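Examination of the molecular architecture
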Amino acid sequence: MFSCWYGDSDELSVLHQLPLVRDARCDVVVVGAGMAGLSVAYFLAREGRSVMVLDDGPVGGGMTGLSSAHLSYALEDGYARLEVLHGLEGIRTAAASHRAAVAMIEQLTVRESIDCQFLRVDGFLFNPPGQGSANLEVEREAALRAGIEVEFCQSSPLLNFETGPCLRFPNQGQFHPLRYLAGLTRAFLRLGGKVHTQSHVKRASGGAIPFVETERGCRVDCSHLVLATNSPRRGVTYSSYVIALRIPPGSVRPALYWDSLPNYHYVRVAPGGATDGSDLLIVGGEDRRGGQAHPQLFSTLEKWTRKRFAMAGRVDYLWSGQVARCSDGSAWIGPGEEENSFVVSGGSGHGLTHGTIAGQLITDLVCGRPQPLGALLCAQGSGYSSSLI
Ligand SMILES: Cc1cc2nc3c(=O)[nH]c(=O)nc-3n(C[C@H](O)[C@H](O)[C@H](O)COP(=O)(O)OP(=O)(O)OC[C@H]3O[C@@H](n4cnc5c(N)ncnc54)[C@H](O)[C@@H]3O)c2cc1C
């Protein structure tokens, strides 16, 4: 029943690597080859470290390959709420780091010649009908205090869907997550990095000489261990649902659109994304707490979509996945419980930018460089080490 648009093709064959079949030693072992693990591995390899990435499945086979691939620094928890939790400095740091992450992804597509359909687009946040706009005004002011560009608009550019008042956040991004990871994997391999897929890690330990053991009985010793397994433990998990429908080329302006409902709806366009060259409208949401799937929510999502996008044709793809959320709107990135270990998890609906932030933050920590983001994110990381396997 499930079929994710990102699919499998020759261009993505690099996501499948050989399993680990013998013991090894390297500077850094990264467990998990999603956006976070691969970003950490790539940045460390650029620093000249020997890095091995191990994953159960193919690269991107976790939640990264199921994401709807909005790259946004208009954070879903809202700057007004985040300011209450983290203060003014906190929201400035969060805004600056996510904006820098989108810029970093864009730069890497150029530097490493990654063809992943990266596009700069506006983001539009709107309310459900009848809710007025007081909350949007509060959010606009908080976003401005956080240092990001935002403007109040009377409506979004959607032609047949009257969203009512909304906030426009210019210069957000979108991309094809598996094409991006394929490019990052190739760049990492060129730097001498090693990736082993179909290599389940059953034990991981920090300490003076960290090590991992795989299900096939191989052991890898290292100087630093990074757990980028996206484990939801100690956080809250939500299931989120996505459908992709054909729409006539150019009928919906490419942008990120999302509403303020608790169950949430988020929309973007993949120009020329359908097999017949039509655009694809990628609509997600109907989030529910817990990891249990509710297939009927695909029809709820489809009804929501057809009411607002009358031009939408057949549903070509549908899929769902779990979003691990940190209750305070940040992520767990930083030192683990044990010496020489680091963790990344709980990236919420911004796991793609959180993963990119983790790439730079953990690289700085491994290299012993002070990190301005540390104060906000490192505290979240502590105490999560080997429990994430
Ligand atoms: C439907 C949906 C829509 C989303 N939309 C967006 C969006 O628009 N924008 C956004 O920024 N985020 C979005 N997200 C969230 C985002 O996808 C995730 O937060 C992000 O991909 C997490 O990346 P990651 O590398 O931490 O984890 P993952 O991509 O899940 O990677 C973790 C990897 O660890 C591996 N692993 C786990 N345990 C082991 C083990 N013991 N041994 C070996 N390997 C192991 C797994 O196989 C997996 O490949 C969405 C999520 C979903 C489900």
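So, how was this worked out
- Residues numbered from 1 in each chain as written.
- Predicted model: local features only at pLDDT ≥ 70, side-chain atom pairs only at ≥ 80, totals over all residues.
- Heavy atoms only, no water.
- Helix = DSSP H or I, 4+ residues; strand = E, 2+ residues; numbered from the N terminus.
- Rg over C-alpha atoms; globule rule 2.2 N^0.38 Å.
- Buried < 20%, exposed > 50% of the residue type's maximum accessible area, 1.4 Å probe, protein only.
- Axes fitted to C-alpha atoms, helices over the stretch in contact; angles between N-to-C directions.
- Parallel < 35°, antiparallel > 145°, perpendicular 65-115°, else oblique.
- Left-handed = near helix turned anticlockwise from the far one by under 90°.
- Contact = heavy atoms within 4.5 Å.
- Nonpolar A, V, L, I, M, F, W, Y, C, P; charged D, E, K, R; others polar.
- Salt bridge = Lys/Arg side-chain N within 4 Å of Asp/Glu carboxyl O.
- Core = buried A, V, L, I, M, F, W, Y, C linked by side-chain atoms within 4.5 Å.
- Domains from an automatic or database assignment.
- Phe/Tyr/Trp six-rings, centres within 6.5 Å; stacked < 30°, edge-to-face > 60°.
- Expected span 1.5 Å × (residues − 1).
- Pairing = 2+ DSSP bridges.

Attention now goes to the overall build of the protein chain. Of the regular secondary structure elements, the protein chain holds seven helices and 17 strands. Relative to the 2.2 N^0.38 estimate, which gives 21 Å for 389 residues, the radius of gyration of the protein chain is 20 Å and therefore close to what a compact globule would have. Here the C-alpha coordinates of the protein chain stretch approximately 60 × 45 × 40 Å along the principal axes. Within the protein chain, the proportion of its 389 residues that are buried is 58%.

On to the packing of helix 1 (residues 35-46) against helix 2 (residues 79-111), then. Taken N-terminus to C-terminus, the directions of helix 1 and helix 2 make an angle of 60°; their axes are 14 Å apart at the nearest point. Between helix 1 and helix 2, the crossing angle belongs to the class labelled oblique. In this structure, helix 1 meets helix 2 at a crossing whose hand is left-handed. Residues Met35, Tyr42, Phe43 and Arg46 of helix 1 touch helix 2, and the partners they reach there are Met104, Ile105, Leu108 and Arg111. In terms of residue class, the contact of helix 1 with helix 2 is made up of six nonpolar, no polar and two charged.

Within this structure, the stated rule accounts for 21 salt bridges. Its salt-bridge partner being Arg92, residue Glu89 comes within 3.9 Å of it at the nearest N-O pair. Of this pair, Glu89 and Arg92 are both found in helix 2, three residues apart, which corresponds to roughly one turn of the helix. A relative accessible area of 55% places Glu89 in the exposed class. Residue Arg92 is classed as partly exposed on the basis of its relative accessible area, which comes to 38%. We note a salt bridge from Glu151 to Arg168, for which the minimum N-O separation is 2.7 Å. With Glu151 in strand 5 (residues 151-153) and Arg168 in strand 6 (residues 166-174), the pair connects residues that are 17 residues apart, well separated along the chain. The partly exposed category is assigned to Glu151, whose relative accessible area is 36%. Here the salt bridges do not stand alone but share partners, grouping Asp122, Glu151, Arg168 and Arg253 into one network.

Here we come to the packing of helix 1 against helix 4 (residues 177-190). Relative orientation of the contacting elements helix 1 and helix 4 amounts to 30°, with a least axis distance of 10 Å. If you check the angle between helix 1 and helix 4, you find them roughly parallel. For the pair helix 1 and helix 4, the sense of crossing is left-handed. Note on element contacts: helix 4 touches helix 1 through Tyr180, Leu181, Leu184, Thr185, Ala187 and Phe188, opposite Met35, Leu38, Ser39, Ala41, Tyr42 and Ala45. Here the contact of helix 1 with helix 4 is built from residues that sort into 10 nonpolar, two polar and no charged.

It is worth spelling out the nonpolar core at this point. One finds Val30, Tyr79, Phe169, Phe175 and Tyr180 to be the most contacted residues of the largest nonpolar core, which totals 81 residues. Per-element accounting of this core gives the leading share, 10 residues, to helix 2. Here this core spans two domains, and each of domain 1 (20-67 + 178-234 + 328-388) and domain 2 (119-172 + 235-325) adds at least three residues to it. The next biggest cluster of nonpolar side chains, apart from the first, holds 24 residues, and it includes Cys166, Ile243, Leu245 and Ala312.

We now examine the packing of aromatic side chains. In total, this model carries 11 aromatic pairs according to the counting rule given. Between Tyr42 and Phe43, the aromatic rings sit 5.3 Å apart at their centres with planes inclined by 75°, giving edge-to-face as the arrangement. Here the aromatic rings of Phe124 and Tyr257 are separated by 5.7 Å at their centres, their planes lie at 15°, and the arrangement is stacked. Here Phe124 is found in strand 4 (residues 119-126), whereas its partner Tyr257 is found in strand 12 (residues 256-259), with 133 residues between them in sequence. Owing to a relative accessible area of 2%, Phe124 belongs among the buried residues under this scheme.

A word on helix 1. Taking 1.5 Å of rise per residue, 12 residues should cover 16 Å, and helix 1 covers 17 Å from first to last C-alpha, within 8% of that figure. For helix 1, the tally of buried residues reaches 11 of 12 residues, placing the bulk of the element in the interior. Residues of helix 1 that are buried include every one of Met35, Ala36, Gly37, Leu38, Ser39, Val40, Ala41, Tyr42, Phe43, Leu44 and Ala45, and no others. Just past helix 1, the residue Gly48 takes up positive phi, approximately 90°.

Turning next to the pairing of strand 10 (residues 219-227). Of the pairings in the sheet, the one linking strand 1 (residues 24-31) to strand 10 comprises seven bridges and is parallel in character. Among the inter-strand pairings, Val28 is bridged to a residue of strand 10, identified as His224. Where strand 9 (residues 211-214) meets strand 10, three bridges bridge the pair, whose relative direction is antiparallel. When the sheet's bridge partners are listed, Val212 is paired in strand 10 with Val220. Linking two consecutive strands that pair antiparallel, namely strand 9 and strand 10, is a turn of four residues; a positive phi of about 90° is found at Gly217 within it. In this structure, strand 10 lies alongside strand 17 (residues 341-345), joined through three bridges in parallel fashion. Across the sheet, Val226 pairs through a bridge with Phe342, a residue of strand 17.

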